[in-house]
Amino acid sequence: MPFMMTTFNSRAGRVAVLAVFFILCLIWILPSHEDLSVSRFYAGNGYNSSHPIDALIDTAQTDLHELLGTQAHDLQTAAEQYRAHRGRHPPPGFGEWYEFAKSKDSLIIEEFFDQIYHDLTPYWALEPKQLRRQAKSIPTRITVRNKTAILKTDEPRNWMDSWYDLVAKLENGLPDLDMPINVMDETRLVVPWETINEYVQKEQTDRVMTEPSYVISEYMSLTESDHDNLEPYDPQFAVPGKGGYWEMAQVGCPPGSPARNSNLPMVNFSSPPWEYDNFERMSYHGYVSNYTLAKDPCVRPEMQVLHGTFLEPISVSTSQNLMPLFGGSKLPMNNEILLPPAMYWAQNDHYSGGEKEHGGRWESKENKALWRGAATGGRAREPNWTGFQRHRFMSMMNATSVTQAERNQSHGINFRLPNYANYKLSDNGFIPQLLSEHTDTGFNHLVCTPYNETDPTCPYLDPYFEIAPGMPMKEMYNYKYLPDLDGNSFSGRYRGFMLSTSLPIKATIYNEWHDSRLIPWVHFVPMDTTYMDIYGIMAYFLGGRDKAARKIALAGKYWGEKVLRREDMEIYTYRLLLEYARICDDQRELLGYVDDFITS
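Computed from a prediction, not measured in an experiment: that's the story for all the values here.

**Quick notes on the overall build of the protein**
Right, on to step 1. Scanning the protein from terminus to terminus reveals 24 helices and 10 strands.
Right, on to step 2. Buried residues in the protein amount to 59% of all 600 residues.
Right, on to step 3. For the protein, restricting intrachain contacts to residue pairs at least 6 apart in sequence, the fraction spanning at least 24 positions comes to 78%.
Right, on to step 4. For the protein, the exposed surface amounts to about 24,200 Å²; the carbon and sulfur share of it is 50%.

**Comments concerning the environment of L518**
Right, on to step 1. Relative to the helices and strands, L518 resides in the loop between β9 (503–506) and β10 (525–526).
Right, on to step 2. A residue is classified by how much of its surface remains accessible, and L518, at 4% relative accessible area, is buried.
Right, on to step 3. Separated by 406 residues in the primary sequence, L518 and F112 place their C-alpha atoms 9.2 Å from one another.

**Details of the sheet that holds β9**
Right, on to step 1. Judged by pairing direction, the sheet is parallel, and its five strands sit side by side in the order β7-β6-β8-β9-β10 without closing on themselves. In the strand order of this sheet, the two ends are held by β7 (439–445) and β10, each with one partner.
Right, on to step 2. Here two bridges tie β9 to β10, and the two strands are oriented parallel to one another. Looking across to β10, one finds that I505 is bridged to V525.

**Focus: the pattern of salt bridges**
Think of it this way: side chains of opposite charge can pair up when their charged atoms draw near.
Right, on to step 1. Tallied over the full model, the rule gives 29 salt bridges.
Right, on to step 2. Two residues, R545 and D54, come together in a salt bridge whose shortest N-O distance is 3.9 Å. Separated by 491 residues along the polypeptide, R545 in the loop between α21 (534–542) and α22 (546–563) and D54 in helix α2 (residues 52–68) bring together distant segments of the chain.
Right, on to step 3. You can call D54 buried: its relative accessible area is 7%.
Right, on to step 4. Among the salt bridges present, the one from R145 reaches D226, with a minimum N-O distance of 2.8 Å. Here the residue R145 occupies a position in strand β1 (residues 141–145), and D226 occupies one in the loop between α8 (193–206) and α9 (244–249), the gap between them amounting to 81 residues.
Right, on to step 5. The class of D226 is partly exposed, set by a relative accessible area of 36%.
Right, on to step 6. Each of R86, E110, D114 and R575 takes part in a single network of salt bridges with overlapping partners.

**Notes on the confidence of the model for the protein**
Right, on to step 1. Of all residues in the protein, 88% attain a pLDDT of 70 or more, and the chain-wide mean is 89.
Right, on to step 2. Every residue in residues 1–10 scores below 50 in pLDDT, and together they form 23 contacts with partners more than four places removed in sequence or on other chains.

**Some points on the environment of L174**
Right, on to step 1. Along the chain, L174 turns up in the loop between α7 (160–168) and β3 (177–180).
Right, on to step 2. By relative accessible area, which is 1% here, L174 ends up buried.
Right, on to step 3. For the pair L174 and K147, spaced 27 residues apart in sequence, the C-alpha separation works out to 6.2 Å.
Right, on to step 4. Not counting the four nearest positions on each side in its chain, L174 is found in contact with V144, K147, V167, Y574 and L577.

**A closer look at the state of the cysteines**
Here a disulfide denotes one covalent bond, and it connects the sulfur atoms of two cysteines.
Right, on to step 1. Taken as a whole and assessed by the stated rule, the structure comprises two disulfides.
Right, on to step 2. Here C253 engages in a disulfide with C298; their sulfurs sit 2.1 Å apart. One disulfide, between C253 and C298, carries an S-S torsion of -85° and so falls in the left-handed class. Placement of C253 in the loop between α9 and α10 (258–261) and of C298 in the loop between α12 (291–294) and α13 (308–311) is noted, with a sequence separation of 45 residues between them.
Right, on to step 3. Here the disulfide map of the protein reads 1-2, 3-4, the bonded cysteines being numbered as they appear in the sequence.

**What to know about the sheet that holds strand β2 (residues 148–152)**
Right, on to step 1. Ordered by their spatial adjacency, three strands build an open sheet running β2-β1-β3, and the pairing between neighbours is antiparallel. What marks the edges here is a single partner per strand, and that holds for β2 and β3. Mean inter-strand twist for the sheet, computed between neighbouring axes without regard to direction, equals 20°.

**Some remarks on the pairing of β2**
Right, on to step 1. One ladder, built from five bridges, connects β1 with β2; its direction is antiparallel. Residue pairing in the sheet places I142 in a bridge with L151 of β2.
Right, on to step 2. Linkage of β1 to β2, two consecutive antiparallel strands, is achieved through a turn of two residues, within which N146 is found at a positive phi near 50°.

**Let's talk about α7**
Right, on to step 1. For α7, the set of buried residues is M160, S162, W163, L166 and V167. The buried residues of α7 all sit within an arc of 165° when viewed along its axis, so they share a single face.
Right, on to step 2. Against β1, β2, β3, β4 (326–327), α14 (342–345) and α23 (566–583) lie the buried residues of α7.

**Description of the side chain of H307**
Right, on to step 1. Along the chain, the position of H307 falls in the loop between α12 and α13.
Right, on to step 2. Judged by relative accessible area, H307 falls into the buried class, the value being 0%.
Right, on to step 3. If we skip the residues at most four places from it in the chain, H307 touches G387, Q389, D486, I509, Y510 and T529.

**Here's the deal with the packing of helix α17 (residues 399–406) against helix α18 (residues 430–438)**
Right, on to step 1. Across the interface, α17 lies against α18 with an axial gap of 8 Å and an inter-helix angle of 175°. With respect to α18, the element α17 is oriented roughly antiparallel. Residue-level inspection shows A399, V402, T403 and E406 of α17 in contact with α18, the latter providing I431, P432, L435 and S436.
Right, on to step 2. Considering only residue class, the contact of α17 with α18 consists of five nonpolar, two polar and one charged.

Conventions we followed
Residues numbered from 1 in each chain as written. Predicted model: local features only at pLDDT ≥ 70, side-chain atom pairs only at ≥ 80, totals over all residues. Heavy atoms only, no water. Helix = DSSP H or I, 4+ residues; strand = E, 2+ residues; numbered from the N terminus. Buried < 20%, exposed > 50% of the residue type's maximum accessible area, 1.4 Å probe, protein only. Contact = heavy atoms within 4.5 Å. Areas by Shrake-Rupley, 256 points an atom, 1.4 Å probe, with all protein chains shown as cover. Pairing = 2+ DSSP bridges. Salt bridge = Lys/Arg side-chain N within 4 Å of Asp/Glu carboxyl O. pLDDT = per-residue confidence, 0-100. Disulfide = S-S within 2.5 Å. Axes fitted to C-alpha atoms, helices over the stretch in contact; angles between N-to-C directions. Arc of directions from axis to C-beta. Parallel < 35°, antiparallel > 145°, perpendicular 65-115°, else oblique. Nonpolar A, V, L, I, M, F, W, Y, C, P; charged D, E, K, R; others polar.

Okay, structure coming up:
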């Protein structure tokens, strides 16, 4: 079967198409005048009058305009858009859900909920009774019975209380359900693509728009079935073999995809991996144009040697069987059902810097890129640490390391410099100067293996990294630019960064619940996980585009205050659980909302 890359996020595809349109038409948006004190970082041969990022920003703004044009302003329109997008009636309780969303002053845009249907579609191929049996077999779960949420766990678990608090706020509108939750940092389900494709095909074949007169609006009660003596379901969780997690995860990619076809040579960790050319081929003049594809390991097989998730994750317990399991993030080839992460819901200053204070005026901030954090991402041992993403970023942001790499054929101990000419950057030592003057980055703990919580140092990392003082998030907002990187999985700081008056520069290979709500180059700056584009990004904004940086930073904050609020997490979870309960119901094909037919 030939490789066909599909994505639930249709907007990403439109961005790519529009980017090509800009190339063909040679339409460029003129930037503001250069700040001559900083523009010296450019080689001065083509980007002073126009820049690829100008085109990407303009394309993204067009996309935002199109998205806003799809907003539903009444219940009937919302129901009609649902049927047009999903091919069936909305679930029972849709009317109450809509009124709940409107009472929270929410934007009702159907595309905001695409992730729900991407996640749940394969489950229609499994029998409802089987789904209920599977759900009850996971000890860490939240149940709802008779409008009451109940937390069930084998022992106290990180973040379960926060997720329970989220669901409990919605309990009056929810049907009976069992909601298993993944409490690990790492994801746990990766079903072979062929199996998922078969399930999706079955759902599409069986999908019907039931005649309204046959539709029922009452979910089944699970109270009586709680007494059924069902045989526990065995998910067959397993740990990686010799091929590591990459070998387990790549089966979730389509046949013919780069991840399924690639046979990268064995990594010699004594020198950095060089598999960076893929990004250069798929980028738009060296910058991310299709964010969905850029962060997808199925089309980025080089990630198996450039990201700690695949090198040696902290903990892996993975099943190749589809079963209900909710979690806060996942890789594109994983099959969990995404929820808003518990740390986003928890009002924890460590991950937010405070719900109300997210930085002062742009003009008062330090004109620097700031990053602080631990050297997480997996078990970074000697010598495999040279493939880990956070270690690579720290090295690439260090002026001394870059100076040494420039003298060593662009090679550092764990990174390769981009071709400066491709980014129209000066190669006369100005990048180290840029980093020296405009960055403040460092590890506050090297997370050595074996791990010692009280000792932030590490004998095999000490020669390359100095320990920097920690910094509360509320102080990070004093800086204009905030790079955000994957750790053991997604970054829990991202929502806080988005709601700040600083500019997030985001690099990840993980999906989250909000992905279809945020538009790269309008609400944040996307960065590739190789970080090959970081110097070009910094030179662009520091080279006279301060107003452009401020515009994105404040647009992201404004938009985040409309679509990333705690209220928006409630609205998303409410709708998700209505859909999930329907799939687990014995009469799911007849369940639906059709009140708008009756009243219209």
